[in-house]
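# Close look at the chain arrangement
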Amino acid sequence: MSSELDNLKVYGETEVGWDENTPPNEKLDGKGNVIPAEDLHREDPFAPSRRVYDDPEVEALRDKLRRNNGMRGLDIFDPNEIEEITRTFRRDGFVVVRDLLDEEQLDRFREGCARVLKELLSIPGPDNRKYMTETGRLPHRYSYGTASSSRHLMHDPVWASMVDLPTTTPILTALMGNDEYYVWGGGGDLCLPGAIEYQQLHADFKDTQKNGEVRLDFLRATGLIDVDTDKSFEELDFPTKRLVFDQTPPTVTINFLMSDLTWENGPIRQIPGTHTMSQNPPTLAEEADWMRWSTLVGATAGSGVFRDNRAWHSATPNLSKEIRSLPNLEYVPGWTDEQTLLKSMPYEIWETLTPHGQKICRAITEEQGVWPEGAGTMHPLASKRIWTKKRHTKE
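Being a predicted model, the structure only gives us computed values, none of them experimental.

## As for the sheet that holds strand S7 (residues 304–308)
Spatial strand order, S1-S2-S7-S5-S9-S4-S3: seven strands in an open sheet with mixed pairing. Taken across any chain shown, the strands that pair with only one partner, and hence form the sheet edges, are strand S1 (76–77) and strand S3 (141–143). Pairing geometry for S3 and strand S4 (residues 182–191), over three bridges, is antiparallel. By the bridge assignment for S4, Tyr-142 is matched with Leu-190. Its contacts with the sheet put helix H3 (residues 82–92) on S1, strand S2 (94–97), strand S5 (252–256) and S7, and the angle it makes with S2 is roughly 145 degrees.

Following this line, the structure appears as structure tokens:
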């Protein structure tokens, strides 16, 4: 194990992954116990039966991906194409933008991702499994955020240094309507080679469609909607109320690409237009084939995906020999109650940020001399995380 982690990278070919001793669809509970198969829900019923690179079932799935994987006509924009980026984001619930990171920033993010991943993979799994699967997740998949006791990596100088970039801030300002937004946190997800299962389509959260008056006032103030100023939210007709909610995403996430997304290495999939839908996504057994192939193949390293977190998306099989890593930063609009944001950034990190970075991170920054609770404690198992223990104690 130690040898394959010695020179761990989150791009290019690697020896990490493909643990044949970890069964398909297996999940662990908070203490590292295998959850019985009959207690699992909505897992991939079509996954290969063995986690082996050249297994015939894996080869059959690889052939399907080679022939079909990738969204047809995927738009990829330059960072300065603000109008087109904004229009596409509002239409589809996501947008891909190339060259968000320069060479130095990409190298720094890659180093940070590899460093954190190495810490997670150094913990062996039960019995003869190579890795400890993260609680509640499919094998060979990890979240940089939920594996942290603080739920975020804003204590890490690498993640913190990316909150205000010359390429991303103008886009965020356009998507949010102004520059009075907040950083909510940061983390991201990854899949190792040998993540043979599809993840269930999901939204990161459901829009409760509350605060209609607040969201309407925000749209009016930013000029994003033209509505009779004499009418309150309750006086609007239903289609206009719906438009108010549609045009005010509660969260916008940027996932940064550490490697090119290929048909084989587990590219993220996005279902266009689902950010305004109230119904639940279909299960893996119910979804149409085209949804399986609706991936962002063709997006290159250093690019980013701006996501409305209400849109349906999921991870897909990584049948390559390369780690697919998508670190992220998460932002919320100015109408968000800042008291709801977790204090995950140390004051000493906040001091290193740009003036705008300090402004948008003020709500998640701890007092000087106070270390954010759980920051720096990483573990795949929920029972080993301070934040999780505290939450369950309160409940």
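## Regarding the side chain of Arg-110
With respect to the element layout, Arg-110 can be found in helix H4 (residues 103–121). Look at Arg-110: it is buried, it has no salt bridge, and the nearest opposite charge is Asp-107 at 4.2 Å. Look past the residues within four positions of Arg-110 in its chain and what remains in contact with it is Val-10, Tyr-11, Met-258 and Ala-301.

## A closer look at unusual backbone geometry
Its identity is not glycine, yet Asp-99 carries a phi of approximately 55 degrees, on the positive side. Its place among the elements puts Asp-99 in the loop between S2 and H4. Even without a glycine there, the phi angle at Arg-151 is positive, about 75 degrees. Following the sequence through the fold, Arg-151 ends up in the loop between S3 and helix H5 (157–160).

## Topic: the confidence of the model for the protein
Residues shown with low pLDDT carry predicted positions that ought not to be read at fine detail. The predicted model of the protein has a mean per-residue pLDDT of 93, with 96% of residues at 70 or higher. With pLDDT under 50 throughout, residues 388–395 is counted as low confidence; its partners more than four residues away or in other chains account for three contacts.

## A word on the packing of H3 against helix H6 (residues 169–176)
Where H3 meets H6, the axes come as close as 10 Å, and the angle between the chain directions of the two elements is 50 degrees. Considering the angle they form, H3 stands oblique to H6. In the crossing of H3 with H6, the sense of the turn from one axis to the other is right-handed. Facing H3, whose interface residues are Ile-82, Ile-85, Thr-86, Phe-89 and Arg-90, H6 presents Pro-170, Ile-171, Ala-174 and Leu-175. The class makeup of the residues in the contact of H3 with H6 is seven nonpolar, one polar and one charged.

Here is what the cut-offs are and how they apply
Residues numbered from 1 in each chain as written. Predicted model: local features only at pLDDT ≥ 70, side-chain atom pairs only at ≥ 80, totals over all residues. Heavy atoms only, no water. Pairing = 2+ DSSP bridges. Helix = DSSP H or I, 4+ residues; strand = E, 2+ residues; numbered from the N terminus. Contact = heavy atoms within 4.5 Å. Axes fitted to C-alpha atoms, helices over the stretch in contact; angles between N-to-C directions. Buried < 20%, exposed > 50% of the residue type's maximum accessible area, 1.4 Å probe, protein only. Lys, Arg positive; Asp, Glu negative; His and termini not counted. Salt bridge = Lys/Arg side-chain N within 4 Å of Asp/Glu carboxyl O. pLDDT = per-residue confidence, 0-100. Parallel < 35°, antiparallel > 145°, perpendicular 65-115°, else oblique. Left-handed = near helix turned anticlockwise from the far one by under 90°. Nonpolar A, V, L, I, M, F, W, Y, C, P; charged D, E, K, R; others polar.

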